[in-house]
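A closer look at the structure
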Amino acid sequence: MSPVIGNVINELEQFVPSDEDDNAWLLNKLLCNLSSYPDRELTIEPMFKLMERFPEADFGSPGPLVHEIEAMNGYQSQLLRSLARKPTSLSVWMVNRILNSCETQQNRDKWLEQLKLIAENQDAPYSARQSAEEFLLYQEAQ
């Protein structure tokens, strides 16, 4: 692991969002130039875990975490693991973004099932359940 990526992971693990600061700006500053590192995929899980630790935090719409994660290969399997650990409204939004571009019915069905599971999961944060229900209604109308 490169020292820069190690530092980014450490900062993500230490990050505490604030109501007073612009969290998206702070994360943009932390994640700038991430794409220039070949081992940047190592930051995907820490980014998801940050969202999981603070499911109600405002990290942007969709914000730097989502933009950086979606720019990396292999993020969808880690998204599934994050959804299983602790879905958040932001990770649910990512599922909807995937559904908006699904090319096969099989893939679409897989992601719709994730939304259904989250909507029914009483252990999931209310905001994640509510987002899942809204996106299910939207996607079923497509």
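Before any of the text, the structure's been laid out above.
Read on for an overview of the structure. (Residues numbered from 1 in each chain as written. Predicted model: local features only at pLDDT ≥ 70, side-chain atom pairs only at ≥ 80, totals over all residues. Heavy atoms only, no water.)

Per the secondary structure count, the protein chain includes eight helices and zero strands. Mapped from its N terminus to its C terminus, the protein chain presents α and β elements in the order α-α-α-α-α-α-α-α. At 15 Å, the protein chain has a C-alpha radius of gyration in line with the 14 Å of a compact globule built from 142 residues. Principal-axis analysis of the C-alpha atoms places the extent of the protein chain at approximately 45 × 35 × 20 Å. Put simply, the protein chain has 142 residues, and 46% of those count as buried. Contacts in the protein chain between residues at least 24 apart in sequence constitute 68% of all its contacts with a sequence separation of at least 6. Approximately 7900 Å² of the protein chain is accessible, and the part contributed by carbon and sulfur atoms is 47%. Charged side chains in the protein chain number 12 positive and 22 negative. The centres of these two groups are separated by 4 Å. (Helix = DSSP H or I, 4+ residues; strand = E, 2+ residues; numbered from the N terminus. Rg over C-alpha atoms; globule rule 2.2 N^0.38 Å. Buried < 20%, exposed > 50% of the residue type's maximum accessible area, 1.4 Å probe, protein only. Contact = heavy atoms within 4.5 Å. Areas by Shrake-Rupley, 256 points an atom, 1.4 Å probe, with all protein chains shown as cover. Lys, Arg positive; Asp, Glu negative; His and termini not counted. Charge placed at Lys NZ, Arg CZ, Asp CG, Glu CD.)

The next subject is helix α8 (residues 126-140). Spacing of three or four residues puts side chains on the same side of an α-helix, whose turn is 3.6 residues. Here α8 is 15 residues long and its end C-alpha atoms lie 21 Å apart, about the 21 Å a rise of 1.5 Å per residue gives. Listed as buried for α8 are Ser127, Ala128, Arg129, Ser131, Ala132, Phe135, Leu136 and Gln139. Buried-residue contacts for α8 involve α6 (89-99) and α7 (105-120). (Expected span 1.5 Å × (residues − 1).)

Turning to the side chain of Asn23, a few remarks are in order. Structurally, the position occupied by Asn23 is in helix α2 (residues 23-31). Residue classification places Asn23 among the buried residues on the basis of a relative accessible area of 5%. A polar side-chain atom of Asn23 sits 2.9 Å from the main-chain amide nitrogen of Ser18. Here the side chain of Asn23 touches Asp58 through a polar contact of 3.2 Å, landing on its backbone oxygen. What Asn23 contacts, discounting residues up to four positions off in sequence, is Phe15, Pro17, Ser18, Asp58 and Phe59. (Polar contact = N/O pair within 3.5 Å; in protein donor to acceptor, adjacent residues only side chain to side chain.)

The angle between the axes and the distance between the axes are what describe a pair of packed helices. Running from N to C, helix α1 (residues 3-14) and α2 cross one another at 160°; their axes reach a closest spacing of 10 Å. In terms of their interaxial angle, α1 and α2 are classed as roughly antiparallel. Relative to α2, the crossing made by α1 is right-handed. Two secondary-structure elements touch here, α1 through Val8, Glu11 and Leu12 and α2 through Leu27, Leu30 and Leu31. Considered class by class, the residues forming the contact of α1 with α2 number five nonpolar, no polar and one charged. (Axes fitted to C-alpha atoms, helices over the stretch in contact; angles between N-to-C directions. Parallel < 35°, antiparallel > 145°, perpendicular 65-115°, else oblique. Left-handed = near helix turned anticlockwise from the far one by under 90°. Nonpolar A, V, L, I, M, F, W, Y, C, P; charged D, E, K, R; others polar.)

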